[in-house]
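An overview of the molecular structure
Below are the chains, spelled out letter by letter.
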Amino acid sequence: MRRKFWPRSLAARTALALLIGIAVVQTAGLAIHALDRMDVQRAGQAKDLTERVVGVYRTVVLTPVAQRDALLAGFGHGQDLSAEMSRGPPVGDLTEMPAPLQRIYHIHANDVPLGSSHSHWRNLLLYGSPEDHRVLFAFHLPDGHWLHVSALPGPDRSDHGLFFMVTFLAMTTVAGGVSLWTIRRLVAPVRALAAAAEALGRDVNAAPLPEGGPTEVAKAAAAFNQMAARIRRFVADRTELLTAIGHDLRTPITRLKLRAEFMEDDEQRTKMLADLEELETMVSATLAFGRDARSTEPVVQLDLAELLRTVLDEAGDNRPEVADRLGYEGPQHLTLRARALNLKRALTNLVTNAVNYGGSAQIQLHEPAGGMVRIEVTDTGPGIPPGELDRVFEPFHRGDQSRNKETGGVGLGLPIARNILRAHGGDVVLSNQPGGGVKATVTLPI
Ligand SMILES: Nc1ncnc2c1ncn2[C@@H]1O[C@H](COP(=O)(O)OP(=O)(O)O)[C@@H](O)[C@H]1O
Ligand SMILES: [Mg+2]
């Protein structure tokens, strides 16, 4: 439940938290303001009311008893104020007002100057009607009579609600808009960093991140670029080492070959020369691999379906006897970004193995899912012993078949293929099919 309403993106989470915070603060602020306004308004009403009531009281007190009824009858006070004389305090439909209101009206009454003889309100009783907010002031006059003044405080102003609603919405919208804009700007570098890390996974030579912006962002970008540079240097150093070793082995191999020519024993000489030949092929393959790894082929937009069919066509040209056992299944076109020559080499190595060791090659290209595209290269050969499935990716590792066959390479086909695919952010794994034969599953980011 909680997870359902809690957004996943950092920007949305921050925005939501900020908006909730802003709304709470606004509500509290506006509520305090509203209560304050109401207090001020009530105070004004009470003062106004008391002044009018006390005015009546004063007039009545100063009028002789005989003339009071006539005076009150002639009072044209309107609906919100009426006065009458009585023999006692009021009883009946009105109840005595609760203490806080009693106190408030007393205090306001005290604000009105009465003159020395009536300067206290001991003999004032307050009654109130909760329904229509009518207040009854009952004065016990010095001569023993009671004066009842019934009054209605002015109505509460009711436009507060709308005013506060509009203010609240306007302020929240403005604050929310500003926060959203700021958050989007703040979170943008995180997205850029994620994209850069993704790009680096596909291509070590990807363009560096711009190192501008706020300090923290600039620092993160600089650290990321430095890490990318170290990875590049590390890869380059390794490749350099490999090439150097391969290169330096060539001369002694040539010398050994010359020496072998002088061997007396014909059989031994032939074997020795064959071994040296193999050694030379391995060194050449290593050098070629190093050269390829060092060359930085550009990433281009290419049609993977087209490339796969080309690889199959070329395999058919090289081995016409298996041409009718090669097949492609999948979409006619599927574009992705890759290094064309490298990718072709990797796929060719897999197809060549299928043809050489499995006698056939069936390619299936699956529709992309989850940002990855899957290619399966299957054959109908003897398969690979389960314990060997991982080891075949080790450089120079060859199965017995490969050693005996003339078509076999030096055992660099699979390591090179995997190296290239991983450099593209993809991978390749081998498995044995239930019905026999090997299935090479290639994944590539689209
Ligand atoms: N489709 C396959 N079926 C059977 N064995 C295979 C298959 N693909 C590769 N292998 C085994 O893996 C070994 C390594 O393959 P690879 O690296 O291409 O080297 P190479 O082909 O030069 O021998 C091969 O010698 C072979 O024994
Ligand atoms: Mg091979």
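Residues numbered from 1 in each chain as written. Chains lettered and ligands numbered in written order. Predicted model: local features only at pLDDT ≥ 70, side-chain atom pairs only at ≥ 80, totals over all residues.

Turning our eyes to something else, we now look at the overall build of the protein. Each helix and strand counted, the protein has eleven helices and twelve strands in total. For a compact globule of 446 residues, the expected C-alpha radius of gyration is about 22 Å, and the protein comes in at 48 Å, more than 25% above that figure. Across its three principal axes, the protein shows a C-alpha extent of roughly 160 × 45 × 35 Å. When contacts within the protein are restricted to residue pairs at least 6 apart in sequence, those whose partners lie at least 24 apart make up 66%. (Helix = DSSP H or I, 4+ residues; strand = E, 2+ residues; numbered from the N terminus. Rg over C-alpha atoms; globule rule 2.2 N^0.38 Å. Contact = placed C-beta atoms within 7 Å.)

In this structure, F396 takes a positive phi of about 65° despite not being glycine. Mapping F396 onto the fold places it in the loop between β10 (372-378) and α10 (400-404). For F396, a count of 12 C-beta atoms within 10 Å corresponds to the exposed category. (Buried ≥ 20, exposed ≤ 12 C-beta atoms within 10 Å, placed from the backbone.)

Contact geometry of helix α8 (residues 304-318) with helix α9 (residues 340-358) gives a least axis separation of 10 Å together with a crossing angle of 45°. By the criterion of interaxial angle, the relationship of α8 to α9 is oblique. Of the two elements, α8 crosses α9, and the hand of that crossing is right-handed. Touching L307, L308, V311, L312 and A315 of α8 are L343, K344, L347, T348, V351, T352 and V355, all from α9. For the contact of α8 with α9, the per-class residue count stands at nine nonpolar, two polar and one charged. (Axes fitted to C-alpha atoms, helices over the stretch in contact; angles between N-to-C directions. Parallel < 35°, antiparallel > 145°, perpendicular 65-115°, else oblique. Left-handed = near helix turned anticlockwise from the far one by under 90°. Nonpolar A, V, L, I, M, F, W, Y, C, P; charged D, E, K, R; others polar.)

With that settled, the discussion passes to the nonpolar core. Counting 37 residues, the largest nonpolar core has L308, L350, V351, A361, V377 and A417 as the members making the most contacts within it. Those elements that provide at least two residues to this core are α7 (266-294), α8, α9, β9 (361-365), β10, α11 (413-423), β11 (427-432) and β12 (438-445). A total of seven residues in this core trace back to one element, the largest contributor, which is α9. When residues no more than four places from it in sequence are discounted, the contact partners of A361 are L312, A315, L326, V351, A354, V355, V377 and D379. Residues V56, L72, A83 and L126 belong to the second largest nonpolar core, which totals 21 residues. (Core = buried A, V, L, I, M, F, W, Y, C linked by C-beta atoms within 7 Å.)

If you trace the five strands from one edge of the open sheet to the other, you get β7-β9-β10-β12-β11, paired in mixed fashion. Strand pairing shows two members of the sheet lacking a second neighbour, β7 (326-329) and β11, which therefore form its edges. Mean inter-strand twist for the sheet, computed between neighbouring axes without regard to direction, equals 15°. Pairing analysis gives four bridges linking β9 to β10, with the strands arranged antiparallel. Its bridge partner lying in β10, L365 is registered against I375. Relative to β9, α8 is tilted by about 175°, and along the sheet it contacts β7, β9 and β10. Of the strands in this sheet, β11 and β12 are in contact with α11, which crosses β11 at around 135°. (Pairing = 2+ DSSP bridges.)

On to the pairing of β10, then. Where β9 folds back onto β10 in an antiparallel hairpin, the turn is made up of six residues, including G370, whose phi is positive at roughly 60°. Here β10 pairs with β12 via seven bridges, running antiparallel. Looking across to β12, one finds that V373 is bridged to L444.

Because an α-helix completes one turn every 3.6 residues, residues spaced three or four positions apart along the sequence face the same direction. Burial runs high along α11: eight of the eleven residues are buried. Looking only at α11, the buried set comprises G413, L414, I416, A417, R418, I420, L421 and A423. Positioned one or two residues after α11, G425 has a phi angle of 90°, which is positive.

What follows covers the domain arrangement of the protein. Each assigned domain of the protein is listed with its residue range as follows: domain 1 (2-151), domain 2 (203-296) and domain 3 (298-445). Computed over C-alpha atoms, the centres of domain 1 and domain 2 are 96 Å apart. (Domains from an automatic or database assignment.)

Of all six residues in strand β5 (residues 146-151), five are buried, a share of seventy percent or more. Strand direction decides the pairing type here: strand β1 (residues 81-86) and β5, joined by six bridges, are antiparallel. From the neighbouring strand, M85 faces β5, where its bridge partner is L147. Direction of pairing for strand β4 (residues 135-140) relative to β5: antiparallel, over a ladder of six bridges. Residue pairing across strands places H140 opposite W146, the latter belonging to β5. Between the end of β4 and the start of β5, which pair antiparallel, lie five residues, with G144 showing a positive phi angle near 100°.

This brings us to the packing of helix α6 (residues 215-261) against α7. For the pair α6 and α7, the least separation of the axes is 9 Å and the interaxial angle reads 160°. As judged from the angle between their axes, α6 and α7 are roughly antiparallel. Considering only the axes of α6 and α7, their crossing is left-handed. Contact residues: α6 offers T239, L242, T243, G246, H247, L249, R250, I253, L256, K257 and A260, while α7 offers R269, M272, L273, L276, L279, E280, V283, T286, L287, G290, A293 and R294.

So, on to the sheet that holds β1. One key point about sheets: their strands pair by backbone hydrogen bonds, in either a parallel or an antiparallel sense. Spatial ordering of the open sheet is given by β1-β5-β4-β3-β2, a layout of five strands whose pairing is antiparallel. The outermost strands of the open sheet, each flanked by one partner alone, are β1 and β2 (95-96). Packed onto the sheet, helix α2 (residues 10-62) meets β1, β4 and β5 and runs at close to 150° relative to β5.

Spanning 53 residues, α2 covers 78 Å between terminal C-alpha atoms, matching the ideal 78 Å at 1.5 Å per step. The elements touched by buried residues of α2 are α3 (65-73), β1, α4 (99-111), β4 and β5. (Expected span 1.5 Å × (residues − 1).)

So, on to the environment of F164. Inspection of the secondary structure puts F164 in helix α5 (residues 160-202). Its 17 C-beta neighbours within 10 Å are what place F164 among the partly exposed residues. Setting aside its immediate chain neighbours within four residues, F164 contacts L30 and A34.

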